[in-house]
Amino acid sequence: MRIQILAALGAASLAAVAGFASLVPEAGASVDTKRLIESDAPANAGQWLSYGRDYTEQRYSPLAQINVDNVNQLGLAWYADLAERGGSYETTPLVVDGRIYVTAPWSKLYAFDARTGRQLWKYDPKVPGEYAVRLCCGIVNRGAAAWKDKVIWGTLDGRLIAVNAKTGRKIWETQVTDPDAWQSITGAPRVANGRVFIGHAGSEFHQRGYLAAFDAETGKELWRWWVVPGDPSKGFEQPELEWAAKTWNGEWWKTGGGGAPWDAITYDPVTDLVYVGTGNGAPWPAEIRSPGGGDNLFLSSIVALEAKTGKYRWHYQATPADSWDFDNTQQVVTADLVIDGEKKHVLMQASKNGVFYVIEAATGKVISATLFVPTANWLTGFDENFKPIINPEANYGAHDRGFHVVPSAGGAHSWHPMAFNPKTGLMYIPTNYGSFPLVAEAGAKMGNQLLSINVAKRPVDPPPRLEGAGSYLLAWDPVKRKEVWRQYQGSSRSGVMTTAGNLVFQGSPPSTFAAYRADTGERVWSTDTQANIVGGSVSYEVDGVQYIAVVAAGQPGFGGGGYWAPNYARLLVYRLGGKATLPEKVPYTPPPLDPPPNFGDAETLARGQTRYNEHCAACHGNDGRVTSVFPDLRYAGALHSSEAFKAIVIDGAMQANGMVSFAKVLTPEDAEAIRAYIVSLANQARNAPQGPGPGPGGAPPVAPAPPPAPGAGAAAPTSQPAPHQ
């Protein structure tokens, strides 16, 4: 591993590889509930103790050595290379007592010296490569938790692992998910009073969601709360599921119901409640999973549970009868706000559905529900209890016309962390304003995902025209319920962090890390990171020096660029006066778009398109859903050989890299039809180049032309669902 640090520190040695170093800073993580509550105390202000820094999930650092007056002096202090490829680095680092802990794709965990960047140890849970086929949206992990002398995190194959923070040696391991089910863990656990809270992903595979708590010392399960009711003939695990079942119709349990709580978990020491944001329905169209209507509790909700027992206390359903992939798993932030002259302890959430909620933390009473994007067409308003009134036209499962939903299925705000600054009183939200086409078809798949939407079809009506459509960083006043500023140099696809120095930090495409004034949104500093930033940055202090740390990895875009290019995966750490520099980029020539001649008749191509959309599109691209995490198959060398293509798709020649055999669901004739379909798209792109675009599956030959680029008065961008879960 290469490390660069400040000249004043001298040259660092090469990092130990997966070892258990004896020369370590401090004595290891020592985090408990008291310390997390007192996160702003002088002894803790320089730490980043949890995924959202502390129990509030505000992602606000009280450090102000770096501020708007001197941020232009910010420079690279050191960097550390990260080895993993084939996934997206969505992690937010932890910083505890002089150490930085970073998760990576394939659920690996690194520990670094926060002063120098020296690698202390690395733990590989050895997730089987073939497990990649069970993942909705990428080989990712968002972070870990620290508790006492341990670091705890989840794995893609559904385990919780606790290791010693000093040595990296395993203390315990427990299987959270059913190992035979298509479930995974990608989110960061939270810990309070010795209990580890964790959810899971998998709604897109007809799974039934739950949140569970485990003993932080032993890994023993303490309780499990189910999001949706199961088969009523088998009884209900919780009393509230009996009345929740009355909001469902048909035999919903046969497709799981969904609701997987894959990200948002907040423990509140003020109320001693744990709040969980629940996932979308399975399958997507409500009319297919629950014929005849119903709100489908507790999908797309915020639910409050007793932290000790898991007993239900209250809920608010943000999107009743969700049909638009509006999983309500965006982070839940707690704060004390003065509203109408009265101090209130509240929850705040910028939901995927485009609504910003302020809710009383103890009771679940909604104080306000306000659109933070200009328009939304899935609802027509709210009733007197803040229940959304669904637009009948948006219920596309009840008719055959389809629907362009606003905001898009990717979300007005996806999983990318937002941040709240108590000094400015503003929430900083990665925001996207666009639309997404939805056409229901029972049983239809997108790749291996069981969505019951036909991704090859488009609604009868054209997409709506949206003023100001696009991706941006939004500053929102939760008390005045209005936008304060909007920064198009920001992004909807990168996490946010804010500090007492009147700064907001965020990555933006293609490879920029930037700081903005928290009060006005003016960009006051930026630097080239050579790679994308997706997760959130953190701030910490060691020996009186404030640092900013962030993980960058991967190249943007489709085509020959992203997947095969160097990914420059690194932990980057900055300080005032930092003088380190990144190495020059490696010379790189993208693979040529050089497919063989077209082959196959119309029937073969149609078969290939269908099989591609069913089994390949979720990873390799459909309407731009997935970018450079997986290869654009139009550039694949195996297109030139039927035998090579079959060896990969049917025989599993690349299973160790996550490309499993599809022999159980595809025949050799299917594989050859898929090859013919991809070859036709590759030749189409070569003969009519239009710059980088979606991978195979993104534009079937008979599909309508894509909408124009976003802009004032333009047709809304057909946004892809954000890779999530």
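Keep in mind the model is a prediction, meaning the values are calculated, not measured.

Student: Which residues make up the sheet that holds strand S13 (residues 195-198), and what values go with them?
Tutor: What links the strands of a sheet is backbone hydrogen bonding, and the strands pair in either a parallel or an antiparallel sense. Pairing within the open sheet is antiparallel, and its 4 strands lie in the order S12-S13-S14-S15. The two strands at the open ends of the sheet, each matched to only one other strand, are strand S12 (190-192) and strand S15 (221-226). Averaged over all pairs of adjacent strands, the angle between strand axes in this sheet comes to 20°, irrespective of strand direction.

Student: Lay out the pattern of salt bridges in plain terms, naming residues and giving numbers.
Tutor: Evaluation of the coordinates by the stated rule reveals 36 salt bridges. With a shortest N-O distance of 3.1 Å, Asp-157 and Arg-159 are connected by a salt bridge. Like Arg-159, Asp-157 is buried. Of the charged contacts, one joins Lys-646 and Asp-651 as a salt bridge, the two residues approaching to 3.3 Å between their closest N and O atoms. Judged by relative accessible area, which is 32%, Lys-646 ranks as partly exposed. On the basis of relative accessibility, which here comes to 48%, the residue Asp-651 falls in the partly exposed class.

Student: Could you give an account of the environment of Gly-199, naming the residues involved and the relevant values?
Tutor: Within the element layout of this structure, Gly-199 appears in the loop between S13 and strand S14 (210-215). In this structure the C-alpha to C-alpha distance between Gly-199 and Ala-260, which are 61 residues apart in sequence, comes to 7.1 Å. If near-sequence neighbours (up to four positions away) are discounted, Gly-199 is found in contact with Ile-185, Tyr-210, Leu-211, Pro-261 and Ile-265.

Student: Quick rundown of the environment of Thr-91? Include the residues and the values.
Tutor: Locating Thr-91 in the fold gives a position in the loop between strand S3 (74-81) and strand S4 (94-96). Under the relative-accessibility criterion, Thr-91 is labelled buried at 1%. With 459 residues separating them in the primary sequence, Thr-91 and Val-550 have C-alpha atoms 8.8 Å apart. With residues near it in sequence (within four places) discarded, Thr-91 still touches Val-102, Thr-103, Asn-141, Arg-142, Gly-143, Gly-535, Gly-536 and Val-551. Separated by 2.9 Å, the side chains of Thr-91 and Thr-103 make a polar contact.

Student: Just give me the short version of the packing of helix H6 (residues 642-649) against helix H7 (residues 668-687), but keep the residues and values in it.
Tutor: Packing of H6 against H7 leaves a shortest axis separation of 10 Å and a crossing angle of 115°. Remark: the crossing between H6 and H7 carries right-handed chirality. The residues of H7 that touch H6, namely those facing Ser-642, Phe-645, Lys-646 and Val-649, are Pro-668, Ala-671, Glu-672, Ile-674, Arg-675 and Ile-678. Here the contact of H6 with H7 is built from residues that sort into 6 nonpolar, 1 polar and 3 charged.

Student: For the sheet that holds strand S22 (residues 333-339), give the residues involved together with the corresponding values.
Tutor: The antiparallel open sheet is built from 4 strands, whose spatial order is S22-S23-S24-S25. The open sheet has two edge strands, S22 and strand S25 (366-371), and neither has a second partner. In this sheet, adjacent strand axes meet at a mean angle of 30° when their direction is disregarded. For strand S23 (residues 342-350) and strand S24 (residues 355-360), the ladder comprises 5 bridges, and the chain directions are antiparallel. Its bridge partner being in S24, Val-346 is matched across the sheet by Glu-360.

Student: How would you summarise the packing of aromatic side chains if you had to cite specific residues and measurements?
Tutor: Tallied over the entire structure, the rule returns 29 aromatic pairs. Between Tyr-275 and Trp-314, the ring centres sit 5.8 Å apart and the planes meet at 45°, which makes this aromatic pair tilted. Taken as a pair, Tyr-275 in strand S18 (residues 273-277) and Trp-314 in strand S21 (residues 312-317) lie far apart in primary sequence, 39 residues in all. Of the two residues examined, Tyr-275 and Trp-314, each falls in the buried class. One aromatic cluster is present, formed by Trp-225, Trp-243, Phe-298 and Tyr-312 through successive ring pairs. Between Arg-142 and the ring centre of Trp-415, over which it is positioned, the NZ or CZ distance is 5.0 Å. Of note, Arg-486 hangs over the ring of Tyr-472, and the distance from its end group to the ring centre comes to 4.3 Å.

About the criteria used
- Residues numbered from 1 in each chain as written.
- Predicted model: local features only at pLDDT ≥ 70, side-chain atom pairs only at ≥ 80, totals over all residues.
- Heavy atoms only, no water.
- Pairing = 2+ DSSP bridges.
- Helix = DSSP H or I, 4+ residues; strand = E, 2+ residues; numbered from the N terminus.
- Axes fitted to C-alpha atoms, helices over the stretch in contact; angles between N-to-C directions.
- Salt bridge = Lys/Arg side-chain N within 4 Å of Asp/Glu carboxyl O.
- Buried < 20%, exposed > 50% of the residue type's maximum accessible area, 1.4 Å probe, protein only.
- Contact = heavy atoms within 4.5 Å.
- Polar contact = N/O pair within 3.5 Å; in protein donor to acceptor, adjacent residues only side chain to side chain.
- Left-handed = near helix turned anticlockwise from the far one by under 90°.
- Nonpolar A, V, L, I, M, F, W, Y, C, P; charged D, E, K, R; others polar.
- Phe/Tyr/Trp six-rings, centres within 6.5 Å; stacked < 30°, edge-to-face > 60°.
- Lys NZ or Arg CZ within 6 Å of the ring centre and 35° of its normal.

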